[in-house]
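# Secondary and tertiary structure notes
Next come the chains, spelled out residue by residue.
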Amino acid sequence: MEISSFISKFEESIEGLTPGSVDEETKFQDLEQWDSLAVLTTIAMADAEFEVELSANEILACATIRELSELVAKKRG
Amino acid sequence: MSDFDLTGKTILVTGATSGIGLAICRAVQRMGGGVVATGRDRERLDEVGRGLTAERFRSLAADLVEPASRDAMAAELPKLDGIVHGAGALALSPSGFLSASKLRALEAINYEAPVLLTSTLVKSGTLKPGGSVVFITSIAGLFGAKGHILYSGSKGALAAAGRSLAIELASKRIRVNSLAPGMVRSGMAGEAAGKLGDEAMAAHEREYPLGFGSAEDVAGPAVFLVSDAAKWITGTTLVCDGGFTAR
C-alpha cells in the first residue's frame, strides 16, 4: 500500500479536507476537521478501502498520518 | 396482589443472553413472573437458566432474523402474557459509508424480527388478550447523533410500527409500547465505546445528568410496562436515559 493512496483516501473521506492539505507528517488529531465523526469515518474508510478493522483507541494512539498509514499497512499484512 | 406483580404471568424475552435482555429476565422473575428466554446460543441460554429459578424458566434457541428459525421457536411457545423484544444490534457508520447490506442487516434484527414475531404471536393467539408488547428501542430513534443513521432509522421505524400495532391490537386489550434507553453499560455499548474511543465516551457520559445507565436501570421500566400497573398505557415511548435528552 502506497502512503500516497492512504493520504488521498483520508482526504476524500474526512469532511472539509481538500486534496493536498495533508502530508505524511500531519498531526491529524490537531486538524480543525478532526472530531468524533472523523474517528468513525476513518474506521469506515479503512474498512471500505483497505479491508482493515481499526479501533478508535488504535487510531488515537497514532500521532501522524504516517503512523496511521503504517498501522493500516501492518494490519493489512 | 400489587398491579406491579407478575405472579402467574409468562413473559417472552428476546435477546435474553446479554445486556438489557438478561437483566429483564432476572427482573421478571424477581416480580414473580415466568420467563421464556430466547437467543441464538444454546450454551449461553443454559447459563442464563442456571442463574434463575428453574420452575419459572424455559429457553428456546433461535436466530430471529431467519424466518424458519423464528417460526419454529414461535410454534414451541406457551401462552404468553407479555413479550419484551430485547434482541438488537448497533452499528455505527458515517453517511458516506452506508451500504445496502449494512442497512438490511440492521433492519433485519432491529425492525423486521420484532415486528414479524409480534405478528405471528398475535395471529396464533400465543399472546393472550390483555397481553403487553414492549419494544426496546433507543433514544437514537428519537434524536439524531453522528454516525447513527442506520441504527436511528431501524429503531425509529420500530417505535412507529409499535404505535400502529397499539391502535390495531387495542380491540384485544393488547398493549404495545416502546422503551427507549440511552447509553447503557452492556455488550453493545461497549462496542460503541471501542468505536468512539475511551476519551470520547468519558466526555459523552458527562452529558448524562445521572451518568450512563446499567441494564438493570432499563429492566425496571420494562417490567412496569408488561405489568398491569401500566394497563392504560399503550402506543407510547418511555424514555429511560438518565436525563440525557431532557437538556
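Residues numbered from 1 in each chain as written. Chains lettered and ligands numbered in written order. Predicted model: local features only at pLDDT ≥ 70, side-chain atom pairs only at ≥ 80, totals over all residues.

## Quick look at the overall build of chain A
Worth spelling out the cut-off: Numbering of helices and strands starts at the N terminus; helices are DSSP runs of H or I of at least 4 residues and strands are runs of E of at least 2. Note that the radius of gyration is over C-alpha atoms, with the globule rule given as 2.2 Å times the number of residues to the power 0.38. Between the buried cut of 20 or more and the exposed cut of 12 or fewer other C-beta atoms within 10 Å of a residue's own C-beta lies the partly exposed class, and all C-beta atoms are placed from the backbone.
In terms of regular secondary structure, chain A is built from four helices and zero strands. Listing each helix as α and each strand as β along chain A from the N terminus yields α-α-α-α. A globule of 77 residues ought to have a C-alpha radius of gyration of about 11 Å, and chain A, at 11 Å, matches this closely. Taken along the three principal axes of its C-alpha coordinates, chain A extends 30 × 25 × 20 Å. Classification of the 77 residues of chain A by burial places 30% in the buried group.

## Considerations on the overall build of chain B
Selection criterion: Contacts here follow a simple rule: the backbone-placed C-beta atoms of the two residues must lie within 7 Å.
Secondary structure summary: chain B contains eight helices and nine strands in total. Computed over its C-alpha atoms, the radius of gyration of chain B comes to 17 Å, within 12% of the 18 Å expected for a compact globule of 247 residues. Seen through its C-alpha atoms, chain B measures out along the principal axes to roughly 45 × 40 × 35 Å. Across the 247 residues that make up chain B, the buried fraction comes to 47%. Taking contacts inside chain B between residues at least 6 apart in sequence as the whole, the part at least 24 apart equals 72%.

## Re the sheet that holds strand S1 (residues 10-14) of chain B
Residues and elements named next belong to chain B. Put simply, the test is: Any two strands with at least two DSSP-identified bridges between them are counted as paired. The angle between two axes is taken between their N-to-C directions and runs from 0 to 180 degrees, where each axis is a line fitted to C-alpha atoms and a helix contributes only its stretch in contact.
Strand order across the open sheet formed by seven strands is S3-S2-S1-S4-S5-S6-S9, with parallel pairing between neighbours. Two strands bound the open sheet, and with one partner strand each, they are strand S3 (57-61) and strand S9 (237-240). Strand-to-strand twist of the sheet, defined as the mean angle between neighbouring strand axes without regard to direction, takes the value 20 degrees. Pairing geometry for strand S6 (residues 175-181) and S9, over four bridges, is parallel. Across the sheet, residue Ser-178 finds its bridge partner in S9, namely Thr-237. Contacting strand S2 (34-39) and S3, helix H2 (residues 42-50) runs over the sheet at an angle of about 170 degrees to S3.

## A closer look at the nonpolar core
For clarity, the cut-off: Residues enter a nonpolar core if they are buried, belong to Ala, Val, Leu, Ile, Met, Phe, Trp, Tyr or Cys, and are joined to the set through C-beta atoms within 7 Å.
Val-13, Ile-24, Val-28 and Ala-222 of chain B are the most contacted members of the largest nonpolar core, which has 64 residues in total. With 21 residues, the next largest nonpolar core counts Phe-28, Val-39 and Leu-40 of chain A together with Leu-92 of chain B among its residues.

## Some points on the packing of helix H1 (residues 19-30) of chain B against helix H8 (residues 215-226) of chain B
Residues and elements named next belong to chain B. Short version of the rule: Between 65 and 115 degrees an angle is taken as roughly perpendicular, under 35 as roughly parallel, over 145 as roughly antiparallel, and anywhere else as oblique. By definition, turning the near helix anticlockwise from the far helix through less than a right angle yields a left-handed crossing, and turning it clockwise yields a right-handed one. Each residue is assigned to one of three groups, with Ala, Val, Leu, Ile, Met, Phe, Trp, Tyr, Cys and Pro labelled nonpolar, Asp, Glu, Lys and Arg labelled charged, and all others, Gly among them, labelled polar.
The N-to-C vectors of H1 and H8 enclose an angle of 55 degrees; their axes lie 8 Å apart at closest approach. As judged from the angle between their axes, H1 and H8 are oblique. For the pair H1 and H8, the crossing hand works out as right-handed. Mapping the contact onto sequence places Gly-19, Ile-20, Leu-22, Ala-23, Ile-24, Arg-26, Ala-27 and Val-28 in H1 and Ala-215, Glu-216, Val-218, Ala-219, Gly-220, Ala-222 and Val-223 in H8. Within the contact of H1 with H8, the residues separate by chemical class into 11 nonpolar, two polar and two charged.

## What about the pairing of S1 of chain B?
Residues and elements named next belong to chain B. Burial analysis of S1 places five of its five residues in the buried class, the great majority of the element. Residues Thr-10, Leu-12 and Thr-14 point to one face of S1 and Ile-11 and Val-13 to the other, with burial holding for every one of them. Sheet analysis places S1 next to S2, joined by five bridges and oriented parallel. Counterpart to Thr-14 in the pairing with S2 is Thr-38. Looking at chain direction, S1 and strand S4 (residues 80-85) are connected through four bridges and run parallel. Counterpart to Thr-14 in the pairing with S4 is His-85.

## Description of the environment of Ala-75 of chain B
Here Ala-75 of chain B shows up in helix H3 (residues 67-76). Taking C-alpha positions, Ala-75 of chain B is 8.9 Å from Leu-121 of chain B, a pair spaced 46 residues apart along the chain.

## Points about the environment of Thr-236 of chain B
All names here are of chain B. Here Thr-236 lies in the loop between H8 and S9. The exposure class of Thr-236 is partly exposed, given the 17 C-beta atoms found within 10 Å. In this structure the C-alpha to C-alpha distance between Thr-236 and Arg-175, which are 61 residues apart in sequence, comes to 9.7 Å.

## What about the packing of helix H4 (residues 100-123) of chain B against helix H5 (residues 149-169) of chain B?
Residue and element names in this part refer to chain B. At their nearest, the axes of H4 and H5 sit 8 Å apart, and the two run at 15 degrees to each other. Comparing the axis directions of H4 and H5 gives the class roughly parallel. For the element pair H4 and H5, the recorded crossing hand is right-handed. Touching Lys-102, Leu-103, Leu-106, Glu-107, Asn-110, Tyr-111, Pro-114, Val-115, Thr-118 and Val-122 of H4 are Leu-150, Tyr-151, Ser-154, Lys-155, Ala-157, Leu-158, Ala-161, Leu-165 and Leu-169, all from H5. Per-class residue counts for the contact of H4 with H5 are 13 nonpolar, three polar and three charged.

## Things to note about the interface of chain B and chain A
With 13 residues of chain B at the contact, the number on the chain A side is 13 residues. Of all the elements in the fold, those that place two or more residues in the side of chain B that touches chain A are helix H6 (187-196) and helix H7 (198-205) of chain B. With three residues, H6 of chain B is the single largest residue contributor to the side of chain B that touches chain A. The class makeup of the residues in the side of chain B that touches chain A is five nonpolar, five polar and three charged.

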